[in-house]
Amino acid sequence: MKEFKVINSTFVPLTVENVDTDQIIPARFLKATTRDGFGENLFRDWRYEDGDANRPKEDFVLNNPDYSGEILVAGKNFGCGSSREHAAWAIADYGFRVVISSFFADIFKNNALNNFILPIEVSDDFLEELFETSDKDNKAALEIDLKEQTIKNLTTGNQESFEINSYKKECLLNGYDDIDYLLSQQDKIEAFEANREFDFNFKN
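Here's a quick rundown of the structure.

Scoring rules and cut-offs
- Residues numbered from 1 in each chain as written.
- Predicted model: local features only at pLDDT ≥ 70, side-chain atom pairs only at ≥ 80, totals over all residues.
- Heavy atoms only, no water.
- Helix = DSSP H or I, 4+ residues; strand = E, 2+ residues; numbered from the N terminus.
- Buried < 20%, exposed > 50% of the residue type's maximum accessible area, 1.4 Å probe, protein only.
- Areas by Shrake-Rupley, 256 points an atom, 1.4 Å probe, with all protein chains shown as cover.
- Right-handed = clockwise from strand over helix to strand, strands pointing away.
- Pairing = 2+ DSSP bridges.
- Polar contact = N/O pair within 3.5 Å; in protein donor to acceptor, adjacent residues only side chain to side chain.
- Axes fitted to C-alpha atoms, helices over the stretch in contact; angles between N-to-C directions.

The helix and strand tally for the protein chain stands at 8 helices and 7 strands. Looking at the protein chain as a whole, 43% of its 204 residues qualify as buried. As displayed, the protein chain offers around 11300 Å² of accessible surface, 45% of which is attributable to carbon and sulfur atoms.

Quick look at the structure:
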C-alpha cells in the first residue's frame, strides 16, 4: 500500500450528521467478495434519484464538480450503524484517503484504519470552521501531517492535533498491513526466539 506521509489536498464537505454505514454503502451492494468497485456505489441513494446511476442529484456534494480531493469532511457521528467493513471499502475505492469528523463510531474507525483510511477526529469548533471555509472557497485545502499528528486549515492557518493508535500510525506511515508489519519485525522476532530458546536450555 502507498505510504502515508503528508497530504495537501482540497476536500469534499458533507455536512450531514449521523451518517450510518447503510447510507455510505447500501446493503444491496454487499454481495461482492473483493474490495474493488465499491466506490461507484458510495452514497448511492444520496447521489442518484431512486438509486439510478443515470439520474444524478445535482444538489449532492459528490455530484458537484466544484468539490474534489482526497479528504472527506463529514458531520458529527460518522459511520454509525452496522459494522460492515464495506463502508470503508467504498470510501477508499472512491479515492478518499482521509475522513474528518468530530466523532466516529468505533467500529467504523477501526475498519477505516485497517483499509488505509485515516479517520481524524477534530473538535466541533474546528469542524464548523472547515465547513465555513468550504462555503467561501470550494478550492480550500488542508494539510494532514500523520507523523506530527496535525491537521491544518491552509486558508486560516489554524490547526489541531489528533490522536491515533501508535501501531496503526506506524502501519500507515510505512504502507504496512498486519502481515507486512510482522515481516518488518522478523529480525526482532527471530532474536527474541533465539534468546528464549537459550534461556530455556540454560535453566534445564
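The next thing to look at is the pairing of strand S3 (residues 98-101). Side chains of S3 alternate between two faces, with Val 98 and Ile 100 and Val 99 and Ser 101 buried alike. Note on the crossover from strand S2 (residues 71-74) through helix H3 (residues 86-94) to S3: the handedness is right-handed. When S3 meets strand S4 (residues 118-121), the two strands line up parallel, connected through 4 bridges. Within S4, the residue paired with Val 99 across the bridge is Pro 119.

Turning to helix H6 (residues 166-174), its buried residues are Lys 168, Lys 169, Cys 171, Leu 172 and Leu 173. Near the N-terminus of H6, the side chain that reaches the backbone nitrogen of Tyr 167, with its oxygen 2.9 Å away, is that of Asn 165. Just past H6, the residue Gly 175 takes up positive phi, approximately 70°.

With mixed pairing, 7 strands are arranged side by side in an open sheet as S4-S3-S2-S1-S5-S6-S7. The sheet is open, and its two edges are formed by S4 and strand S7 (159-161), each paired on a single side. Averaged over all pairs of adjacent strands, the angle between their axes in this sheet comes to 25°, without regard to strand direction. Bridging between strand S1 (residues 6-14) and strand S5 (residues 141-145) involves 5 bridges; their strand directions are antiparallel. Each residue of the ladder has a partner; that of Thr 10, found in S5, is Ala 141.

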